[in-house]
Amino acid sequence: MNNVLLVVNTGTPDAPDRKSVSRYLSEFLNDPMVMDMPAIARKILVNLIIVPFRASHSSDLYRRLWTSEGSPLLINLEKLVAKLRLKSHDWQVIGAMRYGKPSLEETLRDLGKSTVNKLTILPLYPQFAQSTTGTVNALVDKMISEWDRKPEIRFIEEFYSDAGFISAYANKIRKYDPQNSDHLLFSFHSLPARHIRKIHPGQEYNNCECTVSFPEHGMKCYRAQCYETARRISAALGLEEDRWSVSFQSRLTRSWTGPFTDSVLCRLAEGRKRVLVAAPSFTADCLETKIEIGQSYRDLFIKAGGKELQLCESLNDDNEWVEAIIKMIS
C-alpha cells in the first residue's frame, strides 16, 4: 500500500434508534474541539442534559432520514469512494467517519500496521473550522504519532475556492434553473461565534467586511470562507447580487453565527414565493439538508407565506465532483 487517500466525513448513528443516536451524539459532542469548554462543564452539559433530552427527538429525525439502504451520509460516502477507486488507479481510497463507523480512529490504527508511503487526508468540508476539519486533523496527528514508520502526509484543509468544487456545485444548482426562482439562498452550517472570534481576535465578526469581499484576516475564517464560496458559485451561475443571499443553519443558541436560515426564510416569504436553497458547507446530503432544510424549513417558509422551497441536491457522488477531487489530490 503506497499512496492512500483517506476521505472523511462527520459521521452517522448505526441505526435510527434512541440507543444508537445517544451513542453517536455522546461521541460527537464530547469532542473538546466541538464543544470547547472546560471538561467538567462539557461532560455535565453533554451527558446529563443534551444527550438525554435530545436523543428521542433526534432519533425521530433520523428515522425520517433513513432509507432502505441505510443512512444517506454513509451510503453517499461509500458511493463516492467506489467511484474514486475506479478513477484514481494510483491511490488506495478509503472512506471513514470522524464519529461512528467506519471509524477514522480504527482506520488509522489499521493503516499504521501496513506500509504507507504517502497519506492524503481529505475531510469533506469545503470551509475550514476547528470543529470539523480541525478535529479530523487533530486525530490524524495523534494516531500517526504512534506509528513506527511515518509516511509523507498531506492535509487538504479547505477547498471552498477550488475551481472544480465551485464548478461542480454551480452545475448542480443549475439543474434547478435558479434564474426561474425568486431567490437563491446559500445556507451554511452555523458555528458558535466564539469559534470565529478565535480566528481573528479583536475583529468583531458581525462588522467584518467578509460579507462583501474576502478580507486578509479571513484566510482561516469559516464565516469569510462561506461568503466567498457563495460569491464564487453565484458568479459561476451569473446571478445578480440581489438574487442571492447567505444564511446559517443548525444553530444551538442565539450566540451562534448568523443570520439564521429560519429567520431569513421567513423574511423572504414576505415578497418572494419561490426560493431555491443550496447548502455548500455540505458535500453530501444528510440530516441537515434533507430533513432540516428539505422538510422543516420548507414547511416554515410555506407557513410564512411562501409558495415553494426547493432544496438543491448536494454533490454526493456526482461525477464532476469525483473529477474535482482527483484533480485536487494530484
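Keep in mind the model is a prediction, meaning the values are calculated, not measured. (Residues numbered from 1 in each chain as written. Predicted model: local features only at pLDDT ≥ 70, side-chain atom pairs only at ≥ 80, totals over all residues. Heavy atoms only, no water.)

A look at the overall build of the protein
Here comes step 1: Counting its secondary structure elements, the protein contains eleven helices and eight strands.
Here comes step 2: Over its C-alpha trace the protein gives a radius of gyration of 20 Å, about what one expects of a compact globule, namely 20 Å for 330 residues.
Here comes step 3: Once the C-alpha set of the protein is aligned to its principal axes, its extents read approximately 60 × 50 × 45 Å.
Here comes step 4: Intrachain contacts of the protein at a sequence separation of at least 6 include 75% that bridge at least 24 residues.
Here comes step 5: Total accessible area on the protein is roughly 14,700 Å²; 51% of this is exposed by carbon and sulfur atoms. (Helix = DSSP H or I, 4+ residues; strand = E, 2+ residues; numbered from the N terminus. Rg over C-alpha atoms; globule rule 2.2 N^0.38 Å. Contact = heavy atoms within 4.5 Å. Areas by Shrake-Rupley, 256 points an atom, 1.4 Å probe, with all protein chains shown as cover.)

Considerations on unusual backbone geometry
With glycine set apart, most residues show a phi of negative sign, and most peptide bonds adopt trans.
Here comes step 1: Looking along the chain, the bond that leaves lysine 101 and enters proline 102 is cis, with omega of -5°.
Here comes step 2: Note on placement: proline 102 falls in the loop between strand S2 (92-100) and helix H4 (104-111).
Here comes step 3: The residue after glycine 258, namely proline 259, is reached through a cis peptide bond having omega 5°.
Here comes step 4: For asparagine 316, which is not a glycine, the phi torsion comes out positive at approximately 50°.

Let's talk about the pattern of salt bridges
Here comes step 1: Following the criterion strictly, the structure yields 19 salt bridges and no others.
Here comes step 2: Among the ionic contacts, a cluster of salt bridges with common partners joins Asp14, Arg23 and Lys101. (Salt bridge = Lys/Arg side-chain N within 4 Å of Asp/Glu carboxyl O.)

Structural notes on the nonpolar core
Here comes step 1: Ranked by size, the top nonpolar core spans 69 residues in total, and within it Leu5, Leu84, Ile173, Leu184, Phe186, Leu265 and Trp321 carry the most contacts.
Here comes step 2: If sequence neighbours within four positions are ignored, leucine 184 has contacts with Ile173, Leu237, Leu239, Arg243, Trp244, Ser245, Leu276 and Ala278.
Here comes step 3: Core analysis: the next-biggest nonpolar cluster, separate from the first, contains 18 residues, Leu6, Leu104, Leu111 and Met143 among them. (Core = buried A, V, L, I, M, F, W, Y, C linked by side-chain atoms within 4.5 Å. Buried < 20%, exposed > 50% of the residue type's maximum accessible area, 1.4 Å probe, protein only.)

A word on helix H8 (residues 222-237)
Here comes step 1: For H8, spanning 16 residues, the distance from its first C-alpha to its last is 23 Å, which sits close to the expected 22 Å at 1.5 Å a residue.
Here comes step 2: Of all 16 residues making up H8, 13 are buried, and the element is well covered by its neighbours.
Here comes step 3: Two residues or fewer after H8 comes glycine 238, characterised by a positive phi angle close to 70°. (Expected span 1.5 Å × (residues − 1).)

Details of the packing of aromatic side chains
Here comes step 1: Taken as a whole and judged by the stated rule, the model has eleven aromatic pairs.
Here comes step 2: The interplanar angle of 15° and the centroid separation of 6.1 Å between the aromatic rings of tyrosine 24 and phenylalanine 28 together place this pair among those described as stacked. Note that tyrosine 24 and phenylalanine 28 are positioned in helix H1 (residues 18-29) at a spacing of four residues, about one turn of the helix.
Here comes step 3: On the basis of an interplanar angle of 25° and a centroid distance of 5.9 Å, the ring pair of tyrosine 160 and phenylalanine 214 is categorised as stacked. In this pair, tyrosine 160 is assigned in the loop between strand S4 (152-155) and helix H6 (163-174) and phenylalanine 214 in the loop between helix H7 (193-199) and H8, connecting sequence segments 54 residues apart.
Here comes step 4: The buried category is assigned to tyrosine 160, whose relative accessible area is 8%.
Here comes step 5: Residue class for phenylalanine 214 comes out partly exposed when judged on its relative accessible area of 25%. (Phe/Tyr/Trp six-rings, centres within 6.5 Å; stacked < 30°, edge-to-face > 60°.)

Remarks on the layout of surface pockets
Here comes step 1: The space that makes up the second largest pocket amounts to roughly 230 Å³.
Here comes step 2: Lining the second largest pocket are Pro72, Asn76, Lys172, Asp285, Lys290, Gly294, Leu309, Leu311, Glu313, Asn316, Asp317 and Asp318.
Here comes step 3: Looking at the lining of the second largest pocket, the elements that each hand over two or more residues are helix H3 (72-87), helix H10 (287-303) and strand S8 (308-311).
Here comes step 4: Across the lining of the second largest pocket, the residue classes break down as three nonpolar, three polar and six charged. (1 Å grid on protein atoms, 1.4 Å probe; cavity = no way out; pocket = protein on both sides within 12 Å on 5 of 7 lines; lining within 4 Å. Points joined across faces, edges and corners; volume = space filled by probe spheres on them. Nonpolar A, V, L, I, M, F, W, Y, C, P; charged D, E, K, R; others polar.)

Focus: the side chain of lysine 172
Here comes step 1: Among the secondary structure elements, lysine 172 is positioned in helix H6.
Here comes step 2: When its relative accessible area of 7% is taken as the criterion, lysine 172 is described as buried.
Here comes step 3: Among all residues touching lysine 172, those that are not within four sequence positions of it are Cys312, Glu313, Ser314, Leu315 and Asp318.

Some details on the sheet that holds strand S7 (residues 274-278)
Remark on secondary structure: sheet strands pair via backbone hydrogen bonds, oriented parallel or antiparallel.
Here comes step 1: Here we have four strands laid out as an open sheet, ordered S6-S5-S7-S8, and parallel in their pairing. The open sheet has two edge strands with one neighbour each: strand S6 (244-249) and S8. Each strand of the sheet is rotated relative to its neighbour by a mean of 30°, with strand direction disregarded.
Here comes step 2: Of the strands in this sheet, strand S5 (183-189), S6, S7 and S8 touch H10, which is tilted by about 170° from S8. (Pairing = 2+ DSSP bridges. Axes fitted to C-alpha atoms, helices over the stretch in contact; angles between N-to-C directions.)

Examining the packing of H6 against helix H11 (residues 319-329)
Here comes step 1: Where H6 meets H11, the axes come as close as 9 Å, and the angle between the chain directions of the two elements is 175°. By the angle between their directions, the pair H6 and H11 is classed as roughly antiparallel. Note on element contacts: H11 touches H6 through Glu320, Trp321 and Ala324, opposite Gly164, Phe165, Ser167, Ala168 and Asn171.
Here comes step 2: Its residues assigned to classes, the contact of H6 with H11 comprises four nonpolar, three polar and one charged. (Parallel < 35°, antiparallel > 145°, perpendicular 65-115°, else oblique.)

Geometric descriptors of this kind do not, in isolation, establish any biological role.
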